[in-house]
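One letter stands for each residue in the lines below.
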Amino acid sequence: MRGLGPAPGRRRPPRPGDRPGRVVSSPVNVVVVGASVAGLTTAVTLRSLGYGGRLTLIGDEPHTPYNRPPLSKQILAGTWEHDRIKLRTDEELGALDAELLFGRSATGLDTLAERVLLDGGDSVPYDTLVIATGVTPRGLPDAHHLAGVHLLRTLDDALALRADLQRRPTVAVVGAGFLGAEAAAAARRMGLDVTMIDPRPVPMRRQFGDRIAGLVGQLHRDNGVSMRCGTGVTRFLSAGGHVTGLELTDGTVLCADLVVVAIGAVPSTGWLAGSGLALSNGVECDAACRAAPGIYAAGDVASWYNEHFGARMRLEHRLNATEQAQAVARNLLGDDRPFAPVPYFWTDQYDAHIQAYGIFPADAELAVLHGALDDRHFVVGYGHRGRVVGVLGWNSPREVLELRRLVADKAAWSSIEGSAPPVGALAGVAGPGG
C-alpha cells in the first residue's frame, strides 16, 4: 500500500500522572477527514490558533467546501447559484497551507499504524486525527434506481433535484422532518402540486412534539400541500424506468413523477469498521470530543457527552458543526475542556421562521412564554425534570434570543410555570440528537 508522505514525528509515550486519554504533546501532523463545515472549521481554527504543523483535509466530494442548509432552501428554489454557498474562496483555501484531498474517500482507519486508508490504495499518516465525515441519507429499497427519485444531501443532489423540478412534475415528499418539510415548501412555492407523506400523525413531531408539529402541518396545508400523515409507503410504481407513483400503507395509490426521499440520515462511520473505535450512533467521544488518544470527532458524526444537560447527544445542526469543530481544534492543541453548548437550530418554511434553543425530551412539558400559538408569533418553553431545557420561537427572533437564557441558566421550571398557561405534555419528541 502506497502512503502519501513520510510518517510524522511521534507523540511521547504516556507517563505516570498523565490524564487517561489525554494528548500529551502538541501535534505535528493533523489529518481531518471530512471537508464540510466541521472539517473546514477545524482546519481554519487550527491555523488561527497558531498551529504550524502539517495539515491535511480530505473530502469525498469534488467540490470545495460549501454550506449545506441553503441546499433545501435557496439552491433548490433557484434564488441562489451554487457559488454563493462556498465556505472559502480558492485563495483562502490556499492560504491554509494544507494538503487538500478533495474527491477522495476514506475507506479505513489503521489506528496502530496511525494511517487513514483512501480509495485507490493510498494512505495518509497522522499523529492527530479529526473525524468529521457527517451523515449519509437513508434510502428506500427498490426505489433509487428509478429516474425521478431523489435524495438531498449534497450540492449535486440539490442541482439534480432543482433541474428535475423545472419540468413541472407532480411531487411527493416521503418524510416530514426538517429536510422533507423544507423541500415540500420549496416545491410548493414554485407552484407545484405537492404531497407530503410520513408515518407519524404530524410533521416534525420528533423535533417539536404534537402541539407545535400540528401548527407546522397546518402551515403546509394553508399553503396548498396535501398532507398524508399517519401512513407510509408500501412500494414505488414505475414505467419505463421512471417513477410514476406510490402505493401507501392504507392502500391508496398516489400519482407522482418526482419523489423526494427525506427519511433521515445515519452517521457516516462505515469506513471506521474494524478500527477499534466505539461507533454506536456515531463516533462515541468523551466530553472533550475525544474518541481515543489523538483522535477526535466533530459535527454530525460525533456523539459526545454534553455536561450542561447531563446527556450524550449527536446533533445534525449547522451551528453545532462550527462550534464543535472550534472546540476540537482548541482541545487537540491542549485546552482539554468539555464541549457543553446549548444547541441551536432553525428552519424557514413559507413565512415561518422557527428557531429553537436546547433539547426537547419526549416527556417535556410545554408553556407559552410570549405571544399566542394561534397568531403564529410566539415563544414556548420546554420543561423537563424541573428545569427549562428548551425554548422555541415562531416568528419571534428578538424574544427567543432573550428567553434562551432560561436554558443556559438551567432555570427552574417552577419559575416560569405560572407565568403563562401550560399547553400540556409533549409526546413523540426526540431527545438529544433527534
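Residues numbered from 1 in each chain as written. Predicted model: local features only at pLDDT ≥ 70, side-chain atom pairs only at ≥ 80, totals over all residues. Heavy atoms only, no water.

(A) Inspection of the side chain of His150 at higher detail. Along the chain, His150 turns up in strand β10 (residues 149–150). Looking at His150, the relative accessible area reads 11%, which means it is buried. Leave out the neighbours within four places in its chain, and His150 touches Ala160, Leu161, Asp164, Leu258, Val259, Val260 and Val261. (Helix = DSSP H or I, 4+ residues; strand = E, 2+ residues; numbered from the N terminus. Buried < 20%, exposed > 50% of the residue type's maximum accessible area, 1.4 Å probe, protein only. Contact = heavy atoms within 4.5 Å.)

(B) The environment of Gly270, seen in detail. For Gly270, the position within the fold is in the loop between β18 (265–267) and β19 (283–284). Under the relative-accessibility criterion, Gly270 is labelled exposed at 65%. Considering only alpha carbons, one finds Gly270 and Val400, 130 residues apart in sequence, at a separation of 39 Å.

(C) Inspection of unusual backbone geometry at higher detail. Located in the positive-phi region is Asp142, a residue other than glycine, with phi close to 60°. Position of Asp142 relative to the elements: it lies in the loop between β9 (135–137) and β10.

(D) Layout of the packing of aromatic side chains. If you walk through the whole model with that rule in mind, you get nine aromatic pairs. When the ring of Phe345 is compared with that of Phe360, the centres are 5.8 Å apart and the planes differ by 80°; the resulting orientation is edge-to-face. Here Phe360 lies in the loop between β25 (352–358) and β26 (365–372) and Phe345 lies in strand β24 (residues 344–349), a separation of 15 residues in the sequence. Accessibility classification places Phe345 together with Phe360 in one group, the buried group. Ring plane angle 35° and centroid distance 5.7 Å describe the contact between Phe378 and Trp394, whose orientation is recorded as tilted. With Phe378 in strand β27 (residues 377–384) and Trp394 in strand β28 (residues 387–394), the pair connects residues that are 16 residues apart, well separated along the chain. (Phe/Tyr/Trp six-rings, centres within 6.5 Å; stacked < 30°, edge-to-face > 60°.)

(E) Looking closely at the sheet that holds β19. If you trace the three strands from one edge of the open sheet to the other, you get β19-β22-β23, paired in mixed fashion. Two strands lie at the open edges of the sheet, namely β19 and β23 (311–313), each paired on one side alone. Both β19 and strand β22 (residues 302–306) contribute to a ladder of two bridges, which runs parallel. Pairing of Glu284 across the sheet is with Ser303, part of β22. (Pairing = 2+ DSSP bridges.)

(F) Geometry of the packing of helix α1 (residues 37–48) against helix α8 (residues 318–332). Where α1 contacts α8, the two axes come as close as 8 Å, and the packing angle between them is 40°. Considering the angle they form, α1 stands oblique to α8. Seen from above, α1 lies across α8 with right-handed handedness. Contacts between α1 and α8 involve Val37, Ala38, Thr41, Thr42, Thr45 and Leu46 from the first element and Arg318, Ala321, Thr322, Ala325, Gln326, Ala329 and Leu332 from the second. Counted by class, the contact of α1 with α8 contains seven nonpolar, five polar and one charged residues. (Axes fitted to C-alpha atoms, helices over the stretch in contact; angles between N-to-C directions. Parallel < 35°, antiparallel > 145°, perpendicular 65-115°, else oblique. Left-handed = near helix turned anticlockwise from the far one by under 90°. Nonpolar A, V, L, I, M, F, W, Y, C, P; charged D, E, K, R; others polar.)

(G) Here's a closer look at the pairing of strand β6 (residues 115–118). Burial along β6 is one-sided: the residues Val116 and Leu118 are buried and none of Arg115 and Leu117 is. Direction of pairing for strand β5 (residues 106–110) relative to β6: antiparallel, over a ladder of four bridges. The residue bridging Gly108 from the neighbouring strand is Leu117, located in β6. Pairing of β6 with strand β7 (residues 122–125), which is carried by three bridges, proceeds in the antiparallel orientation. Looking across to β7, one finds that Val116 is bridged to Val124.

(H) Region of the structure containing the pattern of salt bridges. Counted under the stated rule, the structure contains 19 salt bridges. Between Asp164 and Arg167 there is a salt bridge whose closest N-O contact spans 2.4 Å. For Asp164, a relative accessible area of 14% puts it in the buried group. Overall, Arg167 belongs to the partly exposed group, its relative accessible area being 37%. The network of salt bridges with common partners includes Arg104, Asp119 and Asp122. (Salt bridge = Lys/Arg side-chain N within 4 Å of Asp/Glu carboxyl O.)

(I) Structural context of the confidence of the model for the protein chain. Here the protein chain averages 91 in pLDDT, and 90% of its residues register 70 or above. For residues 1–24, every residue scores under 50 in pLDDT, and the model assigns this stretch 53 contacts once sequence neighbours within four places are set aside. For the stretch residues 424–434, pLDDT sits under 50, and the model shows 39 contacts to residues farther than four places along the chain or on other chains. (pLDDT = per-residue confidence, 0-100.)

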